[in-house]
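Close look at the chain arrangement
What follows is the residue order along each chain.
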Amino acid sequence: MDFDLPESALAVREGVQAIARRYDQEYWSRCDADHRWPEEVWRELVAGGWHSLAIPEEHGGAGQGLLELAVALESLAAGGAGGAASFMYLLTPAFGGLTITRHGTEEQRREFLPKIASGELETCFAITEPDAGSNSINITTQARRDGGHYVVSGQKIWISGVERADFLVLVTRTIPAAEARPRTNGFTVLLVDVRQAVAEGTLTYQPIPKLGTNTVASSMVFLDGVRVPADRVLGAADQGFAVLWDILNPERVLAAASGVGFGELVLRVAVDYATERAPFGTPIGAHQAVAFPLARIKAQVELARLMTYKAAWLWDRGRPCGSEANIAKLTAADAAWQAADRAFQAHGGMAYSLEYPVARMFRDARIAKNIPVAEELVLAHIAQHELGLPKSY
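Residues numbered from 1 in each chain as written. Predicted model: local features only at pLDDT ≥ 70, side-chain atom pairs only at ≥ 80, totals over all residues. Heavy atoms only, no water.

Approximately 510 Å³ is the volume found for the second largest pocket. Every element with two or more residues in the lining of the second largest pocket is listed here: helix 4 (66-81) and helix 9 (288-316). At seven residues, helix 9 tops the list of elements feeding residues into the lining of the second largest pocket. Among the residues forming the lining of the second largest pocket, the class breakdown is nine nonpolar, one polar and eight charged. (1 Å grid on protein atoms, 1.4 Å probe; cavity = no way out; pocket = protein on both sides within 12 Å on 5 of 7 lines; lining within 4 Å. Points joined across faces, edges and corners; volume = space filled by probe spheres on them. Helix = DSSP H or I, 4+ residues; strand = E, 2+ residues; numbered from the N terminus. Nonpolar A, V, L, I, M, F, W, Y, C, P; charged D, E, K, R; others polar.)

Structure below.
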């Protein structure tokens, strides 16, 4: 058993950390306040190839895997980006690059991957619907075959990055859930040309005002007769559930990596303040009431990191990793939230001031307990699949 990271992952950590060091908390707070994508950081990631790690070398990438993507995301988050880092590695590197590499046809890989690797093309992902929520089985967005195209109608909610995306990785139903046997049949994953559909008036979107992670917009997306060429199916028609799990498990692993890096960042902010702040003559970090909760969170972050790396390692080897990905996401999200909560407490009243980054970190950390999957659903998965307890539904 070897716990050393491979040289490829160590190189990724060093390269991304070098970029992160050039951007301070004022930069990230400014991007958040302005509701602005961190374009300068993104350009540096693209220029260095740090966004295309999982794309094969023959298509312009580094030919690495999910582990390297997780290390990159963790490093960016820990280096200062915090929660803003997660979408920078989910939207295009994972939802686009990783998924097309894994499930695209050779023609699709030749068409899309070099453009993703060069930064010419960006993607986003759409599965969640207003009435289905986290119950993906019950989505109703329909794709109907019409000659050489699919015609798509429906709506999606909380779709992040659609305003930037060139293509949307869209999960549809080609067989309604009530008719599918088993119910996991009938999914078809499509690559939708966002700009073309917007120009044709068949795709519109409306940003949702939200509490945090404002470096990327999240929108309601309306699909009204969007025509998608049949050769833009990812995987097999009606059999998209296999593709879906190869999207959702990496998404959870990368969300966990974000939580690990975010937890490290917030801990550092809390520790620095607790070391310097001495209203009664002794740094507040010398008191066990402040020190012990932070020490416990450090232990939680390290445990979450181990499970995150394990889940990524398993996925890269084509082995089952659903439980590991869920456990990594659960523990990392909780560690990041606990870190933000204790950092807020350590800063006292100053945590409420926007002059400090703690308020932004507090807002951004909370959502990780709900997305990309609510912790209650993760616990239900563990209860049923690891403990053998009966389903409640």
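Tallied over the entire structure, the rule returns eleven aromatic pairs. Centre to centre, the rings of Phe187 and Phe241 are 5.4 Å apart; their planes meet at 40°, and the pair counts as tilted. Taken together, the residues Phe187 in strand 5 (residues 187-193) and Phe241 in helix 8 (residues 241-276) connect sequence positions 54 residues apart. With a relative accessible area of 1%, Phe187 lands in the buried category. Plain terms: the ring middles of Phe241 and Trp245 are 5.7 Å apart, the flat faces sit at 85° to each other, and that makes the pair edge-to-face. On the criterion of helical spacing, the pair formed by Phe241 and Trp245 is a turn pair, its members being four residues apart in helix 8. (Phe/Tyr/Trp six-rings, centres within 6.5 Å; stacked < 30°, edge-to-face > 60°. Buried < 20%, exposed > 50% of the residue type's maximum accessible area, 1.4 Å probe, protein only.)

Turning our eyes to something else, we now look at the packing of helix 4 against helix 8. Packing of helix 4 against helix 8 leaves a shortest axis separation of 7 Å and a crossing angle of 30°. Between helix 4 and helix 8, the angle is such that the two are roughly parallel. Taken as a pair, helix 4 and helix 8 cross one another with a handedness that is right-handed. Where helix 4 abuts helix 8, its residues Leu66, Leu69, Ala70, Leu73, Glu74, Ala77, Ala78, Gly79, Gly80 and Ala81 lie against Pro250, Val253, Leu254, Ala257, Ser258, Val260, Gly261, Phe262, Glu264, Leu265 and Arg268. Among the residues making up the contact of helix 4 with helix 8, the classes are represented as 14 nonpolar, four polar and three charged. (Axes fitted to C-alpha atoms, helices over the stretch in contact; angles between N-to-C directions. Parallel < 35°, antiparallel > 145°, perpendicular 65-115°, else oblique. Left-handed = near helix turned anticlockwise from the far one by under 90°. Contact = heavy atoms within 4.5 Å.)

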